[in-house]
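Inside the fold
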Amino acid sequence: MKLKIAVLPGDGIGPEIMAQGVAVMDAVAKRFGHQFEYEEAICGAHAIDVVGAPYPEATHDVCMRADAVLFAAVGHPRYDNDPTSPIRPEQGLLAMRKKLGLFANVRPVATFDCLIHKSPLKEELLRGADFVVIRELTGGMYFGEKYQDNDRAYDTDIYTRPEIERILKVAFEMAMTRRRHLTVVDKANILASSRLWRQIAKEMESQYPEVTTDYMFIDNAAMRVLTEPRFFDVIVTENTFGDILTDETSCITGSMGLQPSASLGLHTPLFEPVHGSWPQAAGQNIANPVAQILSAAMLLEYFGLTEEGSAVRRAVTASLDANVRTPEIQVEGGKHYGTREVGEWIADHVRCSIR
């Protein structure tokens, strides 16, 4: 297969982890006889520094002519610490999602047996946890009307029926491919937008009679994700709730550096780790590249390359089992491996392992 891939390293540790994601993609191409063509583009704080915009039109053009986008992360403390800044790196991420029509973020949550002890949760709660969070990406407060002055501010949480129907369709269909259990997370006891979500979800239930559908307020869901993670199969929720809930799930995996995601919609699909840019660690060769590499696996599987994706996943599991890990998940007294070393080990495993 021939694929054209837009590569957006972004800020902070982005270029370091992206290099390892691309290296693993190259290993897949060599082993399985594919051709992956890469075109790199700037975004985030780096793009602001270069051209004054976090998602330049030239970058959008690169993404639109690609078959897929492999993205790392954006963000920088100089913007985090300046709430008055009129332009921010994260605006580029929101603009990219909006302009590419990426309305559905798919975040799988699963445990690695050898890393159960890294979670703050009890082993008996965790073992066997395996669910997917479907987060709506282009609506809600992140994109609604905003206002701020010295004394007053607001963000408007707006959703329309078509926006809700299309994300629920993704969630119901995902549930059909798994254990046929869907949990709709909202705040329908308080928010009008949530009541519309629940109304439409109940209307759509009859289209998927094989799926068991239940409903949960976000505060309850936030607790039960950590106390009963095995209860869930597919969760669907709106933008703000999904952002918070999916970061919370890092307590299940043991590290945000292990969680990949896919963003799907109208145009070019995008694949990215769920963690941030961690600029304080940039250039230190300590960032975990596994989430970036697993995002590449999701990219491969999106295009039907299931054997190739499985080869990457087996290589990641093998690296963790062999204690080839970056410092935040390494066993006590274990050998030090940096970003490059972990990526190289996984790429070598992909190239050399027997099918």
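Placed above this text is the structure.
Going along each chain's sequence as written, the residues are numbered from 1 onward. Confidence filtering applies because this is a predicted model: local features only for residues at pLDDT of at least 70, side-chain atom pairs given and counted only at 80 or more, and all residues used for totals across whole chains, interfaces and linings. Note: side-chain values were computed over all heavy atoms of the structure, leaving out hydrogens and water.

Thoughts on the packing of helix α1 (residues 14-32) against helix α13 (residues 306-321)
Here an angle of 0 to 180 degrees is reported between the N-to-C directions of two axes, which are lines fitted to C-alpha atoms, with helices fitted over the stretch in contact. Only runs of H or I of at least four residues qualify as helices and only runs of E of at least two qualify as strands under DSSP, and these elements are numbered from the N terminus. Close contact between α1 and α13 brings their axes to 11 Å; oriented N to C, the two are set at 130°. Between α1 and α13, the angle is such that the two are oblique. Viewed along their axes, α1 and α13 form a crossing whose handedness is right-handed. Where α1 approaches α13, its residues V24, V28, R31 and F32 are matched on the opposing element by E307, E308, A311, V312 and R314. Residue composition of the contact of α1 with α13, grouped by class: 5 nonpolar, no polar and 4 charged. Should an angle fall under 35 degrees it is taken as roughly parallel, and over 145 as roughly antiparallel, whereas 65 to 115 is taken as roughly perpendicular and any remaining angle as oblique. Note on convention: near helix rotated counterclockwise from far helix by under a right angle means a left-handed crossing. Clockwise means right-handed. Note on definitions: a residue-residue contact is assigned when non-hydrogen atoms from the two residues lie within 4.5 Å. As a working rule, the residues Ala, Val, Leu, Ile, Met, Phe, Trp, Tyr, Cys and Pro are called nonpolar, Asp, Glu, Lys and Arg charged, and the rest polar, with Gly in that last group.

Looking at the pairing of strand β1 (residues 2-10)
Within β1, 7 of the 9 residues are buried, which leaves the element mostly enclosed by the surrounding structure. Note on handedness: a crossover is taken as right-handed if, strands pointing away from the viewer, the path from the first strand over the helix to the second is clockwise. At this point the chain moves from β1, through α1, to the parallel strand β2 (residues 35-40), and the crossover so formed is right-handed. By the bridge criterion, 5 bridges tie β1 to strand β3 (residues 68-73) in an arrangement that is parallel. Bridge assignment links G10 to a residue of β3, and that residue is A73. Remark: exposure states derive from per-residue accessible area (1.4 Å probe, protein chains only) relative to the maximum for the residue type, with buried under 20%, exposed over 50%, and partly exposed in between. Each pair of strands is called paired provided DSSP finds at least two bridges between the two strands.

A short note on the pairing of strand β9 (residues 212-217)
Judged from the 6 bridges that link them, strand β8 (residues 181-186) and β9 form a sheet pairing that is parallel. The residue of β9 that forms the bridge with T183 is D214.

Things to note about helix α12 (residues 290-302)
For an α-helix, the turn length of 3.6 residues means that residues three or four places apart are oriented alike. Compared with an ideal rise of 1.5 Å per residue, which puts 13 residues at 18 Å, α12 spans 18 Å between its outermost C-alpha atoms and is within 8% of the ideal. For α12, a buried count of 11 out of 13 residues is recorded, marking the element as mostly surrounded by other parts of the structure. For α12, the set of buried residues is V290, A291, Q292, I293, L294, S295, A296, A297, M298, L299 and L300. To estimate how far a helix should extend, the number of its residues minus one is multiplied by 1.5 Å.

Quick word on helix α9 (residues 218-227)
All buried positions along α9 are accounted for by I218, A221, R224 and V225. Along α9, the residues classed as buried sweep out an arc of 120° about the axis, all on the same side. Contacts from the buried residues of α9 go to β5 (130-136), β8, β9, β10 (234-237), α10 (239-248) and α11 (250-253). What the arc measures is the spread of directions leading from the helix axis to the C-beta atoms.

Details of the pattern of salt bridges
Basic side-chain nitrogens of Lys or Arg form a salt bridge, by our definition, when they fall within 4 Å of a carboxyl oxygen of Asp or Glu. Counted according to the given criterion, the structure contains 19 salt bridges. Across the salt bridge formed by D233 and R178, the nearest N and O atoms sit 2.8 Å from each other. Within this pair, whereas D233 is found in the loop between α9 and β10, its partner R178 is found in the loop between α7 (161-176) and β8, the two being separated by 55 residues in sequence. When its relative accessible area of 1% is taken as the criterion, D233 is described as buried.

Notes on the side chain of S263
Mapped onto the elements, S263 comes out in strand β11 (residues 260-264). By relative accessible area, S263 is classed as buried at 0%. Here a polar contact is taken to be a pair of N or O atoms separated by no more than 3.5 Å, where protein atoms must pair a possible hydrogen donor with a possible acceptor and residues adjacent in sequence count only if both atoms sit in side chains. Only 3.1 Å separates the side chain of S263 from the side chain of N105, close enough to count as a polar contact. Once residues lying within four places of it in the same chain are set aside, the contact partners of S263 are L102, A104, N105, L137, P269, L270 and E272.

Regarding the environment of V236
Along the chain, the position of V236 falls in strand β10. Judged by its relative accessible area of 0%, V236 is buried. Residues V236 and I116, spaced 120 residues apart in sequence, show a C-alpha to C-alpha distance of 25 Å. Excluding residues within four positions of it along the chain, V236 makes contact with I134, I167, L168, A171, L182, T183, V184, V185 and W197.

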